[in-house]
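Architecture and fold: a report
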Amino acid sequence: MDYQWHDVIGNIGVALIIITYLLLQLGRMGSASYTYSILNALGAFFVIISLMYDFNMSVFIIDVVWIGVSVFGIIRQWRTNH
């Protein structure tokens, strides 16, 4: 396997999603927080960047949905605060 810059970006994205979920499960982060939704969206976006070089339809679909749900959470939180 030839490890390139887009692989690093994809792995950072995976790490962001996993760490965010772990912090949620440990009670260190709330699921309704901006931080939770932003980190999840950013993680999924980074994975999509890596998919531009080594495409996988299943991963692409889940990451697009992941971003959509995260954006929904950001909007919901914004509406709640305003």
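Below or above, wherever it landed, is the structure these notes cover.

Criteria and cut-off values
- Residues numbered from 1 in each chain as written.
- Predicted model: local features only at pLDDT ≥ 70, side-chain atom pairs only at ≥ 80, totals over all residues.
- Heavy atoms only, no water.
- Axes fitted to C-alpha atoms, helices over the stretch in contact; angles between N-to-C directions.
- Helix = DSSP H or I, 4+ residues; strand = E, 2+ residues; numbered from the N terminus.
- Parallel < 35°, antiparallel > 145°, perpendicular 65-115°, else oblique.
- Left-handed = near helix turned anticlockwise from the far one by under 90°.
- Contact = heavy atoms within 4.5 Å.
- Nonpolar A, V, L, I, M, F, W, Y, C, P; charged D, E, K, R; others polar.
- Expected span 1.5 Å × (residues − 1).
- Buried < 20%, exposed > 50% of the residue type's maximum accessible area, 1.4 Å probe, protein only.
- Patch = residues over 30% accessible without salt bridge, like charges linked within 9 Å, V, L, I, M, F, W, Y side chains within 5 Å.
- Areas by Shrake-Rupley, 256 points an atom, 1.4 Å probe, with all protein chains shown as cover.
- Salt bridge = Lys/Arg side-chain N within 4 Å of Asp/Glu carboxyl O.

Details of the packing of helix α1 (residues 5-25) against helix α2 (residues 34-51)
- Relative to each other, α1 and α2 sit at 155°, their axes nearing to 7 Å. The orientation of α1 relative to α2 falls into the category roughly antiparallel. Taken as a pair, α1 and α2 cross one another with a handedness that is left-handed. Between α1, through Trp5, His6, Ile9, Gly10, Ile12, Gly13, Val14, Leu16, Ile17, Thr20, Tyr21 and Leu24, and α2, the contact on the second element is made entirely by Tyr36, Leu39, Asn40, Leu42, Gly43, Ala44, Phe46, Val47, Ile49 and Ser50.
- Residue classes in the contact of α1 with α2 are distributed as 15 nonpolar, 7 polar and no charged.

Looking at α1
- A rise of 1.5 Å per residue sets the reference length of α1, with its 21 residues, at 30 Å; its end C-alpha atoms lie 30 Å apart and thus fit the reference within 8%.
- Those residues of α1 that fall on the buried side of the exposure criterion are His6, Asp7, Gly10, Gly13, Leu16, Ile17 and Thr20.
- Elements that come into contact with the buried residues of α1 comprise α2 and α3 (57-81).
- Looking one or two residues beyond α1, the residue adopting positive phi is Gly27, at roughly 80°.

With respect to the packing of α2 against α3
- At a minimum axis distance of 8 Å, the contact between α2 and α3 shows a crossing angle of 155°. As far as their axial angle goes, α3 and α2 are roughly antiparallel. Here α2 and α3 pass one another in a crossing that is left-handed. Here Tyr34, Ser37, Ile38, Asn40, Ala41, Ala44, Phe45, Val47, Ile48 and Leu51 of α2 lie close against α3, whose contacting residues are Val59, Phe60, Asp63, Val64, Trp66, Ile67, Ser70, Gly73, Ile74, Gln77, Trp78 and Asn81.
- Tallied by class, the residues present in the contact of α2 with α3 amount to 15 nonpolar, 6 polar and 1 charged.

Thoughts on a nonpolar patch on the surface
- Together, Phe55, Met57, Ile61, Val65 and Val69 make up a nonpolar patch on the protein surface, roughly 500 Å² of accessible area in all.
- Looking at the secondary structure, you find Ile61 in helix α3.
- A relative accessible area of 47% means that Ile61 is categorised as partly exposed.

Structural notes on the environment of Asp63
- Along the polypeptide, Asp63 turns up in helix α3.
- Among all residues touching Asp63, those that are not within four sequence positions of it are Ile17, Ala44, Val47, Ile48 and Leu51.

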